[in-house]
Amino acid sequence: MEVPIRATGILGFTFFSLLFFICTSSPLHNLFISNAERRIDATSHIVKVYLTLKVENAGSTPTSEVLLAFPPTRVDHLATVEALVTKGKRKKTTLVRLDVKPTELPDAPNGAKYFTIYLANPLNSGESTTLEVLYLFTHSLEPFPAEIGQSESQLVHYRDSALILSPYHIKQQTTFIKTPSSKVESFTRVEPTNRAGTEIKYGPYEDRPPYSFSPILIHFENNSPFPVVEELVREVEISHWGNLQVTEQYTLVHGGARHKGVFSRVDFQSRPTLSGASSLRHLLARLPPRVHSVYYRDEIGNISSSHLRTDSRKSELEIEPRYPLFGGWKATFVIGYGLPLQDFLFESSDDRRYLNFTFGCPLLETVVDKLTVKVVLPEGSKDPSAVVPFPVDQHLETKYSYLDVVGRTVVVVEKKNLVPVQNSHFQVYYTFKPIFMLAEPLMLASAFFLFFVACVAYLHIDLSIPMLSVRGVNIRYGCAKIKPISKCVSDMKETKLSDPADPPAMNDSSNRSLGG
Amino acid sequence: MAAVANMPVSDLLKSFKLKTKQQELLIRVSILCLVYILAFITRLFSVLRYESMIHEFDPYFNYRTTLYLTQNGFYDFWNWFDYESWYPLGRIVGGTLYPGLMVTAALIYRILHFLRFAVHIREVCVLTAPFFASNTTLVAYFFGKEIWDTGAGLVAAILIAVCPGYISRSVAGSYDNEGVAIFALLFTFYLFVKAVNTGSLAWSLASAFGYFYMVSAWGGYVFIINLIPLYVLVLLITGRYSMRLYVAYNCMYVLGMLLAMQIRFVGFQHVQSGEHMAAMGVFFLMQVFYFLDWVKHMLSDTKLFQAFLRITVTCAVAVGTIALGLGMLSGYISPWTGRFYSLLDPTYAKDHIPIIASVSEHQPTAWSSFMFDFHILLFLFPAGLYFCFKRLSDATIFIVMYGLTSMYFAGVMVRLILVATPAVCLISAIAVSATVKNLTVLLRSKNKGVQTGSTKGSSSSKASSKALLDQSQPFQKNGAIALLFGAFYLLSKYATHCTWVTSEAYSSPSIVLAARGAHGSRVIFDDYREAYFWLRQNTPPDAKVMSWWDYGYQITAMGNRTVIVDNNTWNNTHIATVGRAMSSYEDEAIEIMRSLDVDYVLVVFGGVTGYSSDDINKFLWMVRIGGGVFPVIKEPDYLVNGEYRVDKGAAPKMLNCLMYKLCYYRFGEMLTEYGKPPGYDRARGVEIGNKDIKLEHLEEAFTTSNWIVRIYKVKPPNNRW
């Protein structure tokens with residue numbers, strides 16, 4: 001592809017302001033967007049973009065695919081793309097989710113990346129439809145200044161385009177950007193631009209050709225903490241005795257402006273709103289209902305600052321790290337809990353079993369950079385396969401837990417860049433014969449049985465080395481033989497009698513046997 | 001409950017038609033099993049109250065080394081040079097520790113994993129001490145059986161299972177050398193007594209191995225290697241020399257010595273150190289005795305033998321003293337260490353080695369703590385001694401000597417109550433067992449007498465004499481019953497006391513502090529771990545932390561950062577340097593800290609919570625230890641009229657030294673208690689004297705939520721222009 005152009009595209013956004021008129025593939029120029037409204041929510045550290053597109057087919061052939069374009073630098077931070085279409089008449093509208101898949105186009109300008117929305121019904125010529133698109137960006141607010149003191153508030157840069165990047169002609173478009181507070185240091189003006197309260201409005205812009213781009217930079221205050229889980233390992237262990245044990249290992253970091261200089265506890269305690277406003281004090285994890293034996297600990301022990309609230313529909317675990325997290329500070333911890341198995345394990349029609357469990361991180365408003373889900377199947381289960389609604393890496397491992405002989409099969413699923421919206425369910429199918437459940441109890445029982453048998457045998461076998469007295473010299477011969485108990489007892493009596501009552505005296509230096 | 005349970009049991013026994021002996025065996029085994037379990041579970045209070053965690057200071061080092069051992073294998077452990085402590089000197093860990101505990105825990109861990117029990121090494125470490133305490137009860141049973149009878153053995157097992165003096169060092173989580181060492185100590189003694197009683201080489205060899213295990217586990221092995229020769233000497237003097245003793249001691253000493261030399265930390269001390277010379281002396285004396293005995297046997301002429309005896313003894317003593325003198329003079333035999341001196345002379349440490357005197361567990365024991373740790377055993381102990389003297393044998397002489405010497409040491413040092421505990425339990429068990437046995441025999445014989453008298457009446461004279469006895473002692477039976485009830489009452493009091501002490505006093509991990517809140521709720525101060533975890537996560541991995549040595553092990557184990565000094569107080573000068581830095585003005589201290597590459601300074605401060613064992617209260621020891629090496633630091637500079645104060649009337653040097661500044665930095669703005677001025681120190685109950693503290697070379701890096709731990713960062717030097 002166009003390597004030099006692509007390189008410059010990575011270097012800066014300005015090159016995107018060039019207009020591209022590429023009219024090669026037919027479906028592209030058949031469609032056009034009559035009205036587009038984009039609402040960007042930058043109040044937390046996950047930037048949410050709601051895009052409403054009114055798509056019209058101006059061509060002659062029906063089409064069922066609509067393309068979304070993204071600049072290549074932002075695709076890495078794109079966590080999820082969802083598209084919905086409204087159905088039905090007024091008042092009785094329902095939203096229907098549409099398939100969205102990443103697509104490669106051979107002649108994408110400046111290496112732009114595409115996602116294709118597959119419409120449920122093909123769009124005939126002259127018809128129009130309204131699409132609701134939601135996508136989320138992570139790591140898109142860049143703290144500036146990058147380091148702040150305890151009493152300063154956190155300012156961030158947000159970069160985007162005033163115009164929607166699209167392979168289609170857009171007749172009319174507006175963009176709203178919502179900031180968490182009215183404190184906006186600066187923003188790029190692309191007339192017409194308005195600012196009112198916490199909202200900045202770009203547009204409306206009329207008749208922009210495909211791939212229009214106009215970079216903007218907004219510098220504003222965002223004091224919400226930036227909880228980023230750098231790595232999360234979730235281990236789900238299935239026990240057919242009725243329990244599902246979940247263990248989650250977190251490496252949490254505050255991804256906002258780095259803390260510099262002093263941390264003063266006096267200021268932090270006495271002026272909580274002014275001092276350390278962007279610090280991360282607590283997190284909320286939403287766990288499934290009927291959760292039990294919850295723990296929250298780290299490498300050096302239990303962390304006592306957590307609260308669990310349960311009701312019939314959900315459980316909420318509020319956790320505080322050991323110390324408030326300032327920008328750049330880290331904390332690692334483990335959350336574990338047990339769940340009743342019947343809520344999550346089902347039998348499928350083909351006699352297999354499957355686990356149906358949430359995929360993502362239970363912490364709210366948290367970005368997960370790398371997620372590894374491990375499903376530990378019971379020992380003896382076969383043919384595991386995982387069904388995950390989005391592309392992931394999969395492989396198998398073996399784990400040895402309590403009383404395992406051959407080890408348990410572990411299905412490992414890995415995914416990068418995850419946001420809470422993606423906490424959809426995934427399934428792991430496997431076959432398991434219930435007879436294997438008895439293996440471990442039987443093993444334990446037989447071990448105890450053998451132990452007692454050994455004890456009984458030991459008590460009944462005489463292992464001592466009898467002595468034969470030949471010509472006054474004690475000769476020993478060693479052999480272990482089983483005697484009837486009565487004989488043992490009589491032997492004992494004899495030996496007792498023959499033993500001198502008192503220990504040998506000092507001058508008793510004849511060749512006595514020691515310890516007969 | 002017991003009565004209800006007793007009925008079916010006796011029915012069961014009858015239905016099985018067990019003989020009396022078998023019944024007795026069954027009861028004995030089940031009692032032992034129950035005691036074994038009891039000893040384990042009574043030590044789990046700390047796990048239930050808090051969590052499964054390592055306690056206090058030294059256990060953290062043991063835990064860290066065990067972790068290293070399980071991760072890197074034995075050879076790496078043996079050759080481990082630890083860069084993370086005693087910066088910049090480092091520490092040869094493999095050569096300066098007793099590896100018994102770590103190897104034991106690692107072995108248990110390996111075995112459990114081999115059997116596919118996927119436990120964490122921390123759980124193994126936490127439960128090692130209770131497990132060995134359980135084993136100790138078994139050893140106590142066999143020991144008691146060896147000294148007295150099975151009854152005494154059972155009572156000893158029960159007493160030692162719950163005795164607070166032992167529990168204080170063996171609760172779950174107190175993963176310290178003493179946990180396994182008391183087991184090893186008692187086991188060695190038991191095997192040795194068994195060897196002396198039987199004269200068997202096998203038992204003697206076993207006791208040598210027991211001694212080896214003890215040497216590998218704890219420095220307290222010196223007690224064994226001095227007590228056993230002393231015991232042998234006493235037997236020789238009292239004319240109880242026998243072939244059995246000769247075999248037992250020689251085998252145990254020679255093999256035990258050779259085995260002990262395999263421990264790197266002990267090395268050649270058995271032949272080179274003054275503390276071990278007594279054993280060697282007795283070894284040679286034993287040979288002389290045997291030789292004399294042989295000569296006497298050969299000569300069979302008393303006069304000639306007397307002359308020979310005089311010559312030999314003089315020669316032997318002369319040779320011995322000359323050898324010892326030469327060894328001492330040439331420096332081949334090292335003199336006694338300070339710790340040993342301080343045992344013989346309790347005031348020695350106070351005058352000469354402040355670092356030993358500064359440790360709270362090295363203080364002389366108060367009467368109250370004897371009462372606290374022994375309870376009724378304190379009264380039973382003399383009674384048991386009486387019984388022992390009444391029935392003197394080689395074994396009872398041993399236990400009497402063990403009891404008396406260890407009681408003396410327990411009086412000298414608080415922590416040595418631990419060593420005395422098994423002896424006290426055994427001797428008390430003899431008292432209890434003998435008394436109860438006498439009383440029950442009295443009760444039973446009477447019943448039988450009445451029965452036989454009424455039914456058989458075979459010999460009239462016997463019957464009449466028994467009737468006479470019955471009439472002459474009408475109160476004996478009632479008296480015996482009353483005494484039995486009294487004993488039962490005392491023992492049950494003992495049990496409740498032990499449980500109470502265990503749950504209230506000895507089950508606190510001291511890392512996590514618990515207090516009662518205003519409404520009676522339990523408040524937890526987890527500040528130590530908060531600070532250590534902050535260090536672990538948010539400082540550069542090679543950061544050096546300076547703190548008083550108490551916290552060294554915890555910082556390396558939990559914070560995973562390099563420390564300047566730690567609880568292994570091997571280098572007094574280094575500790576004194578830190579003490580000097582803490583007690584100097586800031587601009588002097590910064591020079592010391594820069595020379596030691598210090599990045600962070602950690603202090604413990606209890607002024608907000610009222611936590612009294614903080615650095616301000618320990619500060620005078622820093623001054624003393626620092627002043628012991630650097631005469632610049634003088635204790636009177638920090639005192640006003642011999643009084644230690646932190647309020648307005650404090651000494652100016654005190655108000656401006658580094659420790660004061662770091663503890664009270666910005667504390668003057670803090671309201672700690674309602675109705676008191678800001679800057680009111682709750683631990684000492686005064687308003688602080690210097691509220692306007694400015695730091696020039698340090699800055700506050702972290703303070704925990706209850707201010708217990710405060711960490712400061714050393715600022716880089718200013719630019720020169």
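What counts as what
- Residues numbered from 1 in each chain as written.
- Chains lettered and ligands numbered in written order.
- Predicted model: local features only at pLDDT ≥ 70, side-chain atom pairs only at ≥ 80, totals over all residues.
- Heavy atoms only, no water.
- UniProt positions renumbered as here; feature names shortened; annotations may be inferred.
- Helix = DSSP H or I, 4+ residues; strand = E, 2+ residues; numbered from the N terminus.
- Buried < 20%, exposed > 50% of the residue type's maximum accessible area, 1.4 Å probe, protein only.
- Contact = heavy atoms within 4.5 Å.
- Pairing = 2+ DSSP bridges.
- Axes fitted to C-alpha atoms, helices over the stretch in contact; angles between N-to-C directions.
- Expected span 1.5 Å × (residues − 1).
- 1 Å grid on protein atoms, 1.4 Å probe; cavity = no way out; pocket = protein on both sides within 12 Å on 5 of 7 lines; lining within 4 Å.
- Points joined across faces, edges and corners; volume = space filled by probe spheres on them.
- Nonpolar A, V, L, I, M, F, W, Y, C, P; charged D, E, K, R; others polar.
- Salt bridge = Lys/Arg side-chain N within 4 Å of Asp/Glu carboxyl O.
- Polar contact = N/O pair within 3.5 Å; in protein donor to acceptor, adjacent residues only side chain to side chain.
- Phe/Tyr/Trp six-rings, centres within 6.5 Å; stacked < 30°, edge-to-face > 60°.
- Lys NZ or Arg CZ within 6 Å of the ring centre and 35° of its normal.

With an unreviewed UniProt entry as reference, chain B is termed dolichyl-diphosphooligosaccharide--protein glycotransferase, source organism Hibiscus sabdariffa. Per UniProt, the comment on chain B under Sequence similarities (unreviewed entry) is "Belongs to the STT3 family." UniProt, in its Subcellular location (unreviewed entry) section for chain B, records the words "Endomembrane system".

Per an unreviewed UniProt entry, chain A carries the name Dolichyl-diphosphooligosaccharide--protein glycosyltransferase subunit 1 and comes from Hibiscus sabdariffa. Looking at chain A in UniProt, the text filed under Subunit (unreviewed entry) is "Component of the oligosaccharyltransferase (OST) complex." Recorded in UniProt under Pathway (unreviewed entry), the annotation for chain A is "Protein modification; protein glycosylation."

Draft legend 1. Fine view of the overall build of chain B. For chain B, the count of helices and strands is 32 helices and eleven strands. Overall, chain B is about 115 × 70 × 60 Å in size when its C-alpha atoms are taken along their principal axes. Residue burial in chain B is summarised as follows: out of 721 residues, 53% are buried. In chain B, once contacts between residues fewer than 6 apart in sequence are set aside, the share between residues at least 24 apart is 72%.

Draft legend 2. View of the sheet that holds strand β10 (residues 698-703) of chain B. All names here are of chain B. Within the open sheet, the five strands sit side by side as β6-β5-β7-β11-β10. Their pairing is mixed. Whereas interior strands pair on both sides, the edge strands pair on one side only; in this sheet they are β6 (562-563) and β10. One ladder, built from five bridges, connects strand β7 (residues 600-604) with strand β11 (residues 709-714); its direction is antiparallel. Bridged to Leu 602 within β11 is Ile 711. Here helix α26 (residues 527-538) sits on the sheet and contacts β5 (544-546), β7, β10 and β11; the angle it forms with β11, its principal contact strand, is near 25°.

Draft legend 3. Summary view of the UniProt feature "transmembrane region" (unreviewed entry) in chain A. Residues given the UniProt feature "transmembrane region" (unreviewed entry) here are residues 442-461 of chain A. Between the first and last C-alpha atoms of residues 442-461 of chain A the distance is 28 Å; the span itself is 95% helix and 5% strand.

Draft legend 4. Examining helix α15 (residues 277-299) of chain B more closely. Residue and element names in this part refer to chain B. When the terminal C-alpha atoms of α15 are compared, their 32 Å separation across 23 residues agrees well with the 33 Å that a helix rising 1.5 Å per residue should span. When we look at burial in α15, the residues that qualify are Met 277, Ala 279, Met 280, Val 282, Phe 283, Met 286, Leu 292, Asp 293 and Val 295. Just downstream of α15, Ser 300 is the residue with a positive phi angle, here 50°.

Draft legend 5. Seen up close, empty space enclosed by the protein. Residues and elements named next belong to chain A. Across all of its chains, the model carries five cavities of 30 Å³ or more by this definition. Each pocket or cavity is described by its volume, and for the largest cavity that value is around 200 Å³. The wall of the largest cavity is formed by 20 residues, among which Arg 38, Ala 69, Tyr 135, Ile 164 and Leu 165 lie closest to the centre. Listed by contribution, the elements that provide at least two residues to the lining of the largest cavity are β1 (31-41), β2 (47-57), β3 (63-70), β7 (128-137) and β10 (155-161). A per-class count over the lining of the largest cavity returns 15 nonpolar, two polar and three charged.

Draft legend 6. Representation of the UniProt feature "domain: Oligosaccharyl transferase STT3 N-terminal" (unreviewed entry) in chain B. In the numbering adopted here, UniProt assigns the feature "domain: Oligosaccharyl transferase STT3 N-terminal" (unreviewed entry) to residues 29-427 of chain B. Secondary structure over residues 29-427 of chain B splits into 74% helix and 1% strand, and the C-alpha atoms at its two ends are 22 Å apart.

Draft legend 7. Seen up close, the interface of chain B and chain A. Opposite the 35 residues of chain B that make contact, chain A presents 34 residues. Where chain B packs against chain A, one counts four salt bridges. In this assembly, chain B and chain A are joined by 17 residue pairs in polar contact (both at pLDDT 80 or more). At the level of elements, α13 (243-260), α26 and β10 of chain B are the ones that each hand at least two residues to the side of chain B that touches chain A.

Draft legend 8. Structural view of the UniProt feature "domain: STT3/PglB/AglB core" (unreviewed entry) in chain B. This chain's UniProt record puts "domain: STT3/PglB/AglB core" (unreviewed entry) on residues 544-602 of chain B. Measuring from the first to the last C-alpha atom of residues 544-602 of chain B gives 10 Å, for a span that is 51% helix and 14% strand.

Draft legend 9. Fine view of the packing of aromatic side chains. Evaluation of the coordinates by the stated rule reveals 75 aromatic pairs over all chains. Geometrically, the ring pair formed by Trp367(B) and Phe370(B) is tilted, given 5.8 Å between the ring centres and 50° between the ring planes. On the criterion of helical spacing, the pair formed by Trp367(B) and Phe370(B) is a turn pair, its members being three residues apart in helix α20 (residues 367-374). For Trp367(B), a relative accessible area of 70% translates into the label exposed. With a relative accessible area of 9%, Phe370(B) lands in the buried category. Above the plane of the ring of Phe533(B) lies Arg322(A), whose end atom (NZ or CZ) is 5.7 Å from the centre. The positively charged end of Arg624(B) is found above the aromatic ring belonging to Trp621(B), 4.6 Å away from the centroid.

Draft legend 10. Broad picture of the pairing of strand β15 (residues 215-221) of chain A. Residue and element names in this part refer to chain A. Most of β15 sits inside the fold, with five of its seven residues counted as buried. Sheet analysis places β10 next to β15, joined by seven bridges and oriented antiparallel. Its bridge partner lying in β15, Val 156 is registered against Phe 220. Both strand β12 (residues 184-187) and β15 contribute to a ladder of three bridges, which runs antiparallel. Along β15, the bridge assignment pairs Val 184 with Phe 220.

Draft legend 11. Focus on the environment of Arg110(B). Residue and element names in this part refer to chain B. Note on placement: Arg 110 falls in helix α6 (residues 100-114). By relative accessible area, which is 46% here, Arg 110 ends up partly exposed. Separated by 533 residues in sequence, Arg 110 and Glu 643 place their C-alpha atoms 55 Å apart. Setting aside its immediate chain neighbours within four residues, Arg 110 contacts Leu 69 and Thr 70.

Draft legend 12. Main features of unusual backbone geometry. Of note, the amide linkage connecting Phe144(A) to Pro145(A) takes the cis form, showing an omega dihedral of 5°. In this structure, the amide linkage connecting Gly203(A) to the following residue, Pro204(A), adopts the cis form with an omega of 0°. Inspection of the secondary structure puts Pro204(A) in strand β14 (residues 199-208). A positive phi angle, close to 55°, is found at Asn417(A), a residue other than glycine. Topologically, Asn417(A) is positioned in strand β30 (residues 408-418). In this model, Arg116(B) sits at a positive phi of 65°, which is unusual for a non-glycine residue. Within the secondary structure, Arg116(B) is located in the loop between α6 and α7 (121-147).

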